[in-house]
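# Descriptive structure summary
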Amino acid sequence: MSLSEQFLPAFLEEVVGDRFGRYSKYIIQDRAIPDVRDGLKPVQRRILYAMYDSNNTPDKPYRKSAKTVGDVMGNYHPHGDSSIYEGMVRMAQPWKMGHVLIDGHGNWGSQDDDPAAAMRYTEARLSPIAMEILRDIEKRTVLFKDNFDNTAKEPVVLPSRFPNLLVNGASGISSGFATEIPTHNLREVIDACIAVMEKPSISLEEIMTFIKGPDFPTGGIIMGGSGILDAYRTGKGRIYIRSKTEIENLRGGKQQIVITEIPYQVVKSRLVTAMETIRLEKKIEGIAEVRDESGREGLRIVVELKKEADAQGILNYLLKKTDLQVTYNFNMVAIVNKAPHQLGLKPILEAYIAHQREVVTHRTQYDLEKAEDRAHVLEGLVKALNILDEVIAAIKASKNRQDAQNNLEWMFGFTERQADSILTLQLYRLTNLEITTLQKELDEIQKKVAELRSILESDRKLISIIRKELKEIREKYGIERRSSIQEEVEELKVNLEVLVNSEDVLVTLSNEGYIKRTSKLSFTRSGGDRSSSGVIEGDVISSYYDVNTLDNLLVFTQRGQYYLLPVHQVPEFKWKDPGTAIVNVIPLSKEDRVVTIIPVRSFEQEEASLVFVTRRGQIKRTALKDYVTKRSSAVAACKVGANDEVIRVHLSTGGRHILLVSKLGQSVRFLEDEVNTMGRVSGGVKGIQLKDEDELVTAVWVDEDEGEIFTITDLGYGKRSLLLDYPLQSRGGKGVATFEFKEGKRVKPNGSQIVAAYHVKEPLRLLALTDQGKMLGFSTESAPISDKRSTGKALVSVEKNDSIVQIIDNRADDTSS
């Protein structure tokens, strides 16, 4: 036979699938998922049984952990010693178990996630309540199987005389399955068990009158009644666990937050470190010190606050940003009939009760067999003592023991078992007192046999036995609930004042799009001159904003989008620094640019609205409160046409007049209230009727008839016309002329279009930017007051082949109108 004939072809998918399937089955059944009956994973069951088998019980001295680990590894669990010892450690830690199953002596770790000492240093024995899990195991109550090398027997499941799965919970991850079952209160779970036994058709709502929810060994406040209900109905649900905290008043007007209970499975040292990091990085103002004062009296973490700090606000922030409050996700998966199932509360209780029926039935059968055997022996002894002389004569006449046994069976009708017990009878048992004692014992045994038979024949009696024994465990080991339950999930609101230190600052935006936030101190130290702000070469500051760090900036773009930018998120720079490009602060696209920034302290201003003006003459008004957002990305602010763009956004309270000015010198003045309030993403209405080649330059807000309208052209010609000369018209008309352009070969041109218009009541200093990059300053006071249709006067000297492309008015807060 050739070498190739020794191998059979196989597909890789089939081989890997088969191997992984076997591996998955093993780790689901025999490693990570607990059994629904005793609530134990195999390693835990083997540890408890090995300790019980070696008589390492609560009434005996502690024994080295290494010996237990060796017994478990050598007899039952052929894996690494670390996995066995880790299983022991968990069962000995009172902050992880509802009731510890191992009574540990030595260093068994801490709530700070300190590891336990090595197993050669620690000692352990079974805890008293662990004996209830193992109770009656010697009475054939559970099945045993061969161990891994067929040298010993190990239990398939433990009797578990209380519902350990719910009381101590479980956590594990296998392939395709994970389990997360929280700990519960022993008294509540036993009461629920009894209720289900007494009324098998009981509803989940009725069961939940006994089991209110989980009960964690670390206490805390459980929030979310609906999450508990979901979990108990389906096996999946979410709750929130909040630390138990208290705000204490100290001398000198100071306060401190004291934490006495933290959520289940939260590492205390990491929690303290996280709060200290928040203090060091100054993510919130007001924390003076974080101390861990935990000791023999229990857990105590103190967060000392600065004077006049908002204690409740800081506490809310810590609850939101640290593990002072965590979410807990139920995933109640357990092994039922060798397969993993996601179970609700009632199926878990029913599976446990079914297990107890088997345990008590098997125990009763075992006790009955023992009692019947003893009764049988006693019957023989009593009968023999009544005919004692004949029995003795028969024994004396026998050749040997076997002959004596045969004679007793043949002559008097004794069974082999009875004859054997008669032959082993000690002579002192022949006294009158002993004869009476035997008769009494026989009567008691016969009563016991009858009672045991009645238990096996009556389901009601069987249930009453289980109920009685559960009640005994409840009375002996029951403790008060440690976690309190709150039906509603309390929303955590953190005021901005807690996160940000209130400070008046200056925010500037340059013409090239550089933004910065500067403290008033830096501004003052640099001379207190607004024109001295640092910029990159060829740039100029286009807008100043006197704001507070608690304010928000609404940043509007020409494409009709906006961004909400909190002032405290604007990068801070010194006054002489140019700042950073705004695209580094907000995700502004390359094709878009900022047209207006509006500072807002509160969006709840009833009368306030935002008015949008587009280049094609559309106008839209929308309530300010519609622009509240939590998004940091772009949000639609106004619907803009394909060949249109936003040129101005103004924060208004209504009741004013709007003057629209076009580039070809047309203007229309109308009441702002003619524009009805619309939705945030609407397109607006027509503000002015424009020619195809014309477009809007700006919109000016005016009151009554005081002041002048200043206009300037691309060649630097400007004039002022009395506002009185602009009649109030209806929205949407062609309007009136506001400037006359000079044309002709012999006439010096005064420009071909208007580049800017302002409402002025006093001299205004402006800056003209030309196409060739020149910056030319001028004052509106130098412009003559003349008729609307006048040609204006040269205010800026613009070179030949150059023209003004932009006028900058850098008054603070964009108050220009």
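Rules used throughout
- Residues numbered from 1 in each chain as written.
- Predicted model: local features only at pLDDT ≥ 70, side-chain atom pairs only at ≥ 80, totals over all residues.
- Heavy atoms only, no water.
- Helix = DSSP H or I, 4+ residues; strand = E, 2+ residues; numbered from the N terminus.
- Rg over C-alpha atoms; globule rule 2.2 N^0.38 Å.
- Buried < 20%, exposed > 50% of the residue type's maximum accessible area, 1.4 Å probe, protein only.
- Areas by Shrake-Rupley, 256 points an atom, 1.4 Å probe, with all protein chains shown as cover.
- Patch = residues over 30% accessible without salt bridge, like charges linked within 9 Å, V, L, I, M, F, W, Y side chains within 5 Å.
- Salt bridge = Lys/Arg side-chain N within 4 Å of Asp/Glu carboxyl O.
- Lys, Arg positive; Asp, Glu negative; His and termini not counted.
- Charge placed at Lys NZ, Arg CZ, Asp CG, Glu CD.
- Pairing = 2+ DSSP bridges.
- Contact = heavy atoms within 4.5 Å.
- Axes fitted to C-alpha atoms, helices over the stretch in contact; angles between N-to-C directions.
- Core = buried A, V, L, I, M, F, W, Y, C linked by side-chain atoms within 4.5 Å.
- UniProt positions renumbered as here; feature names shortened; annotations may be inferred.

A count of helices and strands for the chain gives 19 helices and 40 strands. For the chain, whose C-alpha radius of gyration is 45 Å, the value lies well above the compact-globule estimate of 28 Å for 817 residues. C-alpha atoms of the chain, sized along the principal axes, occupy 165 × 80 × 60 Å. Sorting the 817 residues of the chain into buried and exposed places 48% on the buried side. A total of about 39900 Å² of accessible surface is found on the chain, and carbon and sulfur atoms cover 48% of it.

To continue, consider a positive patch on the surface. Taken together, the side chains of K320, K321, K493 and K630 define a basic patch exposed on the protein surface. Taking the relative accessible area as the measure of exposure, K321 reaches 54% and is therefore exposed.

So, about the sheet that holds strand β3 (residues 123-126). Taken in spatial order, the three strands line up as β1-β3-β2 in an open sheet, and their pairing is antiparallel. What marks the edges here is a single partner per strand, and that holds for β1 (63-64) and β2 (102-105). Where β2 and β3 come together, four bridges link them in antiparallel fashion. Its bridge partner being in β3, D103 is matched across the sheet by R125. Across the sheet, helix α2 (residues 42-53) lies against β2 and β3, angled at about 85° from β3, the strand it touches most.

What follows concerns unusual backbone geometry. Its identity is not glycine, yet N337 carries a phi of approximately 50°, on the positive side. Topologically, N337 is positioned in the loop between β15 (333-336) and β16 (339-342). One non-glycine residue, N801, lies in positive phi territory at about 65°. Within the element layout of this structure, N801 appears in the loop between β39 (793-794) and β40 (804-808).

This paragraph deals with the sheet that holds strand β20 (residues 541-548). One open sheet accounts for four strands, arranged β20-β18-β19-β23; its pairing is antiparallel. Where the open sheet ends on each side, the last strands, each with one partner, are β20 and β23 (580-581).

Looking now at the pairing of β20. Burial analysis of β20 places seven of its eight residues in the buried class, which makes it a mostly covered element. The pairing of strand β18 (residues 504-510) with β20 spans seven bridges and is classified as antiparallel. Its bridge partner being in β20, S510 is matched across the sheet by I541.

Counting residues in hydrophobic clusters, the biggest one holds 125 residues, and the most contacted among them are L48 and L101. The biggest single contributor to this core is helix α12 (residues 345-386), with 17 residues.

The next subject is the UniProt feature "active site" (unreviewed entry) in the chain. Sites flagged by UniProt as "active site" (unreviewed entry) map to Y121. Positionally, Y121 belongs in the loop between β2 and β3.

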